[in-house]
Amino acid sequence: MNIKLLSVPIAVPLLLSVLLISGCQTHNTKSTNLTTNQNAEGQVTVEQMLSLASNQLNKTLPKMIDTETRLDNSYVKGNRLYYKSTLLNYYVDNMDVDVFNEEMSENTGNYICNSSDMLFFKENKIILVYSYYDDDAKFISDVIIDTGACDKLTSASSDTEE
């Protein structure tokens, strides 16, 4: 099975990283639209920053990520950031979902855990959930990357390389 879908898990967190870096994390109690759920110091919570970034991203969606993948929406729940994507011209009945999961999880996890661009997600132990649907809107799979486990993954891979 030829999986050319790595760009989705990589492109979306990068876009959200840019959104977070470019201003979402600078909000404080003087911000008129962010006065609830702030921590004791008046800082915006990580969940609020993710929600702001997700809302900004959603304003640009749906959006083609590559020739076969459309990012439809995103949302936040706690420390989880969800992305819903449609794989155009793919049909769950014609796919080996186990192979898809294995390859996407490994490739995406390796990229996210080893990329300095993903530092915000790793520092805040954000769980990234990529929900894939086929061209008939049938659920294919969730690919879940727990960035809080990246230290374990990267130290395990460096142990095996020695």
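Our subject is the structure listed above.
All of these numbers come straight from a predicted model, not from anything done at the bench.

1. Here's the deal with helix 2 (residues 46–58)
Reasoning step 1: For helix 2, which comprises 13 residues, the first-to-last C-alpha distance of 18 Å matches the rise-based estimate of 18 Å (1.5 Å per residue) to within 8%.
Reasoning step 2: Within helix 2, the full set of buried residues consists of Gln48, Met49, Leu50, Leu52, Ala53, Ser54 and Leu57.

2. Observations regarding the state of the cysteines
Reasoning step 1: Summed over the entire model, instances satisfying the criterion amount to one disulfide.
Reasoning step 2: Linked covalently through their sulfurs, cysteine 113 and cysteine 150 form a disulfide whose S-S length is 2.0 Å. Here the disulfide of cysteine 113 and cysteine 150 is left-handed, its torsion about the S-S bond being about -70°. Taken together, the residues span a long stretch of sequence, with cysteine 113 in helix 3 (residues 97–114) and cysteine 150 in helix 5 (residues 150–161) at a distance of 37 residues. In this structure, cysteine 113 and cysteine 150 share a single accessibility class: buried.

3. Section: the sheet that holds strand 1 (residues 63–66)
Reasoning step 1: On the basis of which strands lie adjacent, the open sheet formed by five strands has the order 1-2-3-4-5 and mixed pairing. Each end of this open sheet is capped by a strand with a single partner; those strands are strand 1 and strand 5 (139–146). Along the sheet, successive strands turn relative to each other by an average axial angle of 30°, direction set aside.
Reasoning step 2: Examined bridge by bridge, strand 3 (residues 80–87) and strand 4 (residues 127–133) share seven bridges and lie parallel to one another. Its bridge partner being in strand 4, tyrosine 83 is matched across the sheet by tyrosine 130.
Reasoning step 3: Contacts from helix 3 reach strand 3, strand 4 and strand 5 within the one sheet, and its direction differs from that of strand 5 by about 30°.

Calculation notes
- Each chain carries its own residue numbering, running from 1 in the direction its sequence is written.
- For this predicted model, a pLDDT threshold of at least 70 governs which residues receive local features, and a threshold of 80 or more governs which side-chain atom pairs are given and counted, while totals over whole chains, interfaces and linings are taken from all residues.
- As a convention, hydrogens and water are excluded, and side-chain values are obtained from all of the structure's heavy atoms.
- Helix and strand assignments follow DSSP, with helices taken as H or I runs no shorter than four residues and strands as E runs no shorter than two, numbered in order from the N terminus.
- Multiplying 1.5 Å by the helix residue count minus one yields the expected span of that helix.
- Between buried and exposed lies partly exposed: a residue is buried under 20% and exposed over 50% of the maximum accessible area for its type, with that area taken using a 1.4 Å probe on protein chains only.
- Put simply, a disulfide is two cysteine sulfurs that come within 2.5 Å.
- By the convention used here, strands pair only if DSSP detects at least 2 bridges between them.
- Axes here mean lines fitted to C-alpha atoms, for a helix over just the part in contact, with angles spanning 0 to 180 degrees between N-to-C directions.
- Should any heavy atoms of two residues lie within 4.5 Å, those residues are counted as being in contact.

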